[in-house]
Amino acid sequence: MHPPDSPAGRLAAVGNQMIEIHLWLGAELARLRASLDADGPGEARPSRDLRAHCLTFCAALGRHHTGEDDGAFRLLADQVPELRPVLANLIADHEVVAGILGRVEELLGDPTPVPVARLRAELDGLAALLESHFRYEEKRLVTALNALTGRPGTVEELLGLAAPPVG
């Protein structure tokens, strides 16, 4: 067994790090949705801070899914071919999520007043989809990710993001 802070140890726990990334993304989305309430229901435009947080979150989630598609999923398809149907389902989810992220970014970039309720509806739909998507992905892939062999790349190359710092 490799020490957890060695390169091999970090890679051996890539599935666990995916869970950490999912937990962090879920917490960020919850903070984002809560900050919509802080802006107030009557606001026609999200505040500048809310817009910045939302765009940062959208970019991080997009990087994570693109990283999985191009990194971990390709490697898993090669090393564990029986997971290919699962990977195809997850990639289809990523496309739906990308559509939602595109609509959120479009709303935030619109120079005309955008009802916060429209943004809330998109983020609520995103939260529901991600909850299901993350649990399915974790249930089906963590063990396989933790068993990856060879030198397939860093966690960031495989998952699009480095695992967030604990605490």
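Higher on the page you've got the structure.
Every chain's residues receive numbers from 1 upward, in the order its sequence appears when written. In view of the model being predicted, local features appear only for residues whose pLDDT reaches at least 70, and side-chain atom pairs are presented and counted only at 80 or more, with totals across whole chains, interfaces and linings using the full set of residues. Hydrogen atoms and water are omitted, and side-chain values are computed over all heavy atoms in the structure.

**Student:** I keep staring at the overall build of the chain and nothing clicks. Help me out?
**Tutor:** Strands here are runs of E lasting at least two residues and helices are runs of H or I lasting at least four, both read from the DSSP assignment and numbered beginning at the N terminus. In terms of regular secondary structure, the chain is built from 6 helices and 0 strands. Ordered by position in the sequence, the α and β elements of the chain form the string α-α-α-α-α-α. Across the 167 residues in the chain, those meeting the buried criterion constitute 41%. Of the contacts made within the chain by residues no fewer than 6 positions apart, 80% connect residues no fewer than 24 positions apart. The buried label goes to any residue with under 20% of its type's maximum accessible area, the exposed label to any with over 50%, and the partly exposed label to all in between, with areas taken from a 1.4 Å probe on protein chains only. Contact criterion: two residues are considered in contact whenever any of their non-hydrogen atoms come within 4.5 Å of each other.

**Student:** What is the right way to look at the packing of helix 4 (residues 84–109) against helix 5 (residues 116–146) in this model?
**Tutor:** Relative to each other, helix 4 and helix 5 sit at 160°, their axes nearing to 10 Å. With respect to their mutual orientation, helix 4 and helix 5 come out roughly antiparallel. Here helix 4 runs over helix 5; the crossing is left-handed. Lys, Arg, Asp and Glu make up the charged group, whereas Ala, Val, Leu, Ile, Met, Phe, Trp, Tyr, Cys and Pro make up the nonpolar group; the residues left over, Gly among them, are polar. For the contact of helix 4 with helix 5, a count of residues per class yields 17 nonpolar, 3 polar and 6 charged. Only the stretch in contact is used when fitting a helix axis, every axis being a line fitted to C-alpha atoms; angles between N-to-C directions are given from 0 to 180 degrees. What sets the label is the angle itself: under 35 degrees gives roughly parallel, over 145 gives roughly antiparallel, 65 to 115 gives roughly perpendicular, and the rest give oblique. Working rule for handedness: look at the near helix, and if it is turned counterclockwise from the far one by less than a right angle, call the crossing left-handed; if clockwise, right-handed.

**Student:** I tried to follow the state of the cysteines on my own but got confused; where do I start?
**Tutor:** Where two cysteines share a covalent bond between their sulfur atoms, that bond is called a disulfide. Counting rule for disulfides: a pair of cysteine sulfur atoms within 2.5 Å. Inspection of every chain in the model, using the stated rule, returns 0 disulfides. Not part of a disulfide, Cys54 finds its nearest cysteine sulfur in Cys58, a span of 4.4 Å. Cys54 gets classed as buried once you look at its relative accessible area, which sits at 1%. On the basis of relative accessible area, Cys58 is assigned to the buried category, the value being 3%.

**Student:** I would appreciate a short explanation of the environment of Ala13 in the present structure.
**Tutor:** Among the structural elements, Ala13 can be located in the loop between helix 1 (7–12) and helix 2 (14–39). Separated by 133 residues in sequence, Ala13 and Asn146 place their C-alpha atoms 5.1 Å apart.

**Student:** Would you take a moment to explain the environment of Thr143 for this structure?
**Tutor:** Tracing the sequence through the fold places Thr143 in helix 5. Relative accessible area serves as the criterion here: at 67%, Thr143 is assigned to the exposed category. In this structure, the C-alpha to C-alpha distance between Thr143 and Gly15, residues 128 residues apart in sequence, is 6.6 Å.

**Student:** Whenever I open this one, the pattern of salt bridges confuses me. Can you help?
**Tutor:** When the charged atoms of two side chains with opposite charge come close together, those side chains can pair. The term salt bridge refers to a pairing of a side-chain nitrogen on Lys or Arg with a carboxyl oxygen on Asp or Glu at a separation within 4 Å. Under the counting rule described, the total for this entry stands at 6 salt bridges. Residue Arg31 pairs with Glu28 through a salt bridge whose shortest N-O separation is 2.8 Å. One end of the pair, Arg31, and the other, Glu28, are both in helix 2, 3 residues apart, so they sit about a helical turn from each other. With a closest N to O distance of 3.1 Å, Arg135 and Glu138 form a salt bridge. Of this pair, Arg135 and Glu138 are both found in helix 5, 3 residues apart, which corresponds to roughly one turn of the helix. Because the salt bridges share partners, they merge into one network encompassing Glu131, Arg135 and Glu138.

**Student:** Where do I start with the nonpolar core in this structure?
**Tutor:** In a soluble, globular protein the nonpolar side chains are often hidden away together inside. Leu61, Leu76, Leu123, Leu126 and Leu141 are the most contacted members of the largest nonpolar core, which totals 46 residues. Put simply, the parts of the chain that give this core at least two residues each are helix 2, helix 3 (48–79), helix 4, helix 5 and helix 6 (155–159). Apart from the residues lying within four places of it in its own chain, the contact partners of Leu76 are Pro81, Leu83, Leu87, Leu141, Ala144, Leu145 and Leu148. The criterion is simple. A nonpolar core is a set of buried Ala, Val, Leu, Ile, Met, Phe, Trp, Tyr and Cys residues joined through side-chain atoms within 4.5 Å.

Just geometry here; none of it tells us what the structure is for.
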